[in-house]
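Overview (structure and organization)
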Amino acid sequence: MADAVRFAIVGLGMGRPRADRCMKTAGAELTAICDLSEERGAAASGELGVPWVRNYDELLARGDVDVIGLWTPSGTHAAMAVQALQAGKHVCMTKPMDISTAACDRAIHEADSRGLLLGVDFEQRYLAPNHRVKRAIDSGAIGRLLRADLRTYWFRAQSYYDAGFPQRWRSRLDTEGGSLANQAVHFVDLLLWWAGVPERVVGCRGAYGHDIETEDGTTAVVQFRKGAVGSIVTTTCAVPNRGHEITLCGTWGTLVWSKADEATLDHVPEGSRSAGDAFRVDGKPEAVSGDLGAYAVPPDLPDNIFADMVRTIRTGSALQCDGREARRSVALFEAVYRASDTASWVEV
Ligand SMILES: NC(=O)c1ccc[n+]([C@@H]2O[C@H](COP(=O)([O-])OP(=O)(O)OC[C@H]3O[C@@H](n4cnc5c(N)ncnc54)[C@H](O)[C@@H]3O)[C@@H](O)[C@H]2O)c1
C-alpha cells in the first residue's frame, strides 16, 4: 500500500460507516480518525485499528495524512476545510458543503489557490442510473424542460434534533440549516444537476412540528434560467416517512425519479413531436416508455467519495462533485431561507 492515498476521517457519527467504506476502497488507506468525543474515538480506534486524535490541529500536523475527510456538523465544514487546505491537505466532506455560500467561497478559493482538491460526498452522484437520467435529459429525451419539482416527505423525531454532538447542533440554523439544507439537499443537488441553473426563488419556511430553531418544512417556487419553473417542498414532519420524488416535465415527455433504480421515462413517439412545442402535440398522443438503460454512463465512474478522490489525485480526472458544484445547492437553500425571511423573490 506504499502508494495508497492516505485519509483521515473527522467526525464519527456518519463518518464512522464512511471509515469502513474508506478501508474497503482500493487505493485508499485510513491512517487516522478524529473526534471530540472520547467514547466515539476510542471505540472506533479499537475497531478500525487506527489512531484516534481528539484535537483537529494535531491531526492536521500529521505527516501520514494526504486527505482530510470531514463528517462534522454541517456549519463547520468549510471553515475546517480551509484549515486543512492551509495545512496542505486535500479535503473531502459530507453534504451539505456548508450552511453559507460565503463560507463555501473561502474554501473554494483556498483550494484553487493551492491547487488542492475539494470534493463533496453526494452519494447519489456515484450511482450509474442517476448519470443515465442526466444523459437522457441533456440529450432531449423529454424535450425542452418546462417543470422541475422536488418533494421530500421525511420524518425526524424530536429526539433526532435533541441529539447530535456538540449537543443540539441539528436543531440550529447556523449549524444544521433544516429539512431543506440537511435532509433534502441530496435531492436539491440532483434537481440542479439535472434541471440546470436556478435564477430566483420565493418561498417560506417554518418549524411546524418540532421544538427547534431551524426549519422542519419549506415550500419554494424556483425559476430556472432557461425558462422552466419548479417547486421544492421539504418536510421532516411526514408520519410515516413518505420518501422523496423528483418530477421533470418537458415538451414531449416526463421523467419521474424516486430512487436511482426506479426512474421512469415516458414520452410521445418521435413522429408525434412538433418543433419542441408541447401545446402543438396533436390530440392525446399515446406515450411510450423510454429506455433509460440505453443512455451511457461515464466510463470508470467511481462508486464512492474515497474512490473518487483517489482517482482524481492519481489521474487528474474531474471529481463527481467539487466545491463549485456543491456550492450550488447551498446557494439555493440560502436563497429560499432569505426569500422566506424577506417575503420576496430572491436571486440565487
Ligand atoms: N447520507 C449522508 O450523506 C449523511 C447522513 C448523515 C449525516 N450526514 C452529514 O454528516 C455530518 C454529521 O452528521 P452526524 O449525523 O454524523 O452528526 P453527529 O452529531 O452524530 O456526529 C458529528 C461528530 O462530529 C464530531 N465533531 C464535531 N466537531 C468536531 C471537531 N471540531 N473536531 C473533531 N470532531 C468534531 C462530534 O464529536 C460528533 O461525533 C452532517 O453534516 C450531516 O449532514 C450525511
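Conventions adopted
- Residues numbered from 1 in each chain as written.
- Predicted model: local features only at pLDDT ≥ 70, side-chain atom pairs only at ≥ 80, totals over all residues.
- Helix = DSSP H or I, 4+ residues; strand = E, 2+ residues; numbered from the N terminus.
- Buried ≥ 20, exposed ≤ 12 C-beta atoms within 10 Å, placed from the backbone.
- Core = buried A, V, L, I, M, F, W, Y, C linked by C-beta atoms within 7 Å.
- Domains from an automatic or database assignment.
- Pairing = 2+ DSSP bridges.
- Near = placed C-beta within 6 Å.
- Nonpolar A, V, L, I, M, F, W, Y, C, P; charged D, E, K, R; others polar.
- Axes fitted to C-alpha atoms, helices over the stretch in contact; angles between N-to-C directions.
- Parallel < 35°, antiparallel > 145°, perpendicular 65-115°, else oblique.
- Contact = placed C-beta atoms within 7 Å.
- Left-handed = near helix turned anticlockwise from the far one by under 90°.

**Quick look at unusual backbone geometry**
Residue Lys-95 is joined to Pro-96 through a cis peptide bond whose omega torsion reads -20 degrees. Assignment of secondary structure puts Pro-96 in the loop between strand 5 (90–94) and helix 5 (101–114). The omega torsion of the bond from Val-239 to Pro-240 falls at -5 degrees, within 30 degrees of zero and hence cis. Phi at Arg-168 is positive, roughly 65 degrees, even though this residue is not glycine. For Arg-168, the location among the structural elements is in the loop between helix 7 (158–162) and helix 8 (179–183). We classify Arg-168 as partly exposed; it has 15 C-beta atoms within 10 Å. Unusually for a residue other than glycine, Asp-300 sits at a positive phi of about 55 degrees.

**With respect to the nonpolar core**
With 94 residues, the main nonpolar core has Ala-8, Ile-33, Ala-81, Val-91 and Val-188 as its most contacted residues. Counting the residues that make up this core, at least three belong to each of domain 1 (5–121 + 302–322) and domain 2 (125–292).

**Describing the sheet that holds strand 4 (residues 67–70)**
The strands making up a sheet associate through backbone hydrogen bonding, with each pair oriented either parallel or antiparallel. Judged by pairing direction, the sheet is parallel, and its 6 strands sit side by side in the order 3-2-1-4-5-6 without closing on themselves. Among the strands making up the open sheet, the edge pair consists of strand 3 (52–53) and strand 6 (118–121). Of the strand pairs in this sheet, strand 2 (residues 28–34) and strand 3 are connected by 2 bridges, and their pairing is parallel. Bridging across to strand 3, Ile-33 finds its partner in Trp-52.

**Description of the site of the ligand**
In the vicinity of the ligand lie 22 residues, with Gly-11, Gly-13, Met-14, Ser-74 and Gly-164 positioned nearest. For the shell around the ligand, a count of residues per class yields 9 nonpolar, 9 polar and 4 charged. Each of domain 1 (5–121 + 302–322) and domain 2 (125–292) gives at least three residues to the shell around the ligand.

**Details of the packing of helix 5 against helix 11 (residues 323–342)**
For the pair helix 5 and helix 11, interaxial distance at closest approach is 9 Å and the crossing angle is 170 degrees. Between helix 5 and helix 11, the angle is such that the two are roughly antiparallel. In this structure, helix 5 contributes Thr-101, Cys-104, Ala-107, Ile-108 and Ala-111 to the contact, and helix 11 contributes Gly-323, Arg-324, Arg-327, Val-330, Ala-331 and Glu-334. Per-class residue counts for the contact of helix 5 with helix 11 are 6 nonpolar, 2 polar and 3 charged.

**Quick look at the packing of helix 4 (residues 77–86) against helix 5**
At a minimum axis distance of 8 Å, the contact between helix 4 and helix 5 shows a crossing angle of 15 degrees. Judged on the interaxial angle alone, helix 5 and helix 4 are roughly parallel. Considering how the two elements wind past one another, helix 4 and helix 5 form a crossing that is left-handed. Every residue of helix 5 that contacts helix 4 at Ala-78, Ala-79, Ala-81, Val-82, Leu-85 and Gln-86 is listed here: Ala-103, Cys-104, Arg-106, Ala-107, Glu-110, Ala-111 and Arg-114. For the contact of helix 4 with helix 5, the per-class residue count stands at 9 nonpolar, 1 polar and 3 charged.

Any link to function would need more than the numbers given here.
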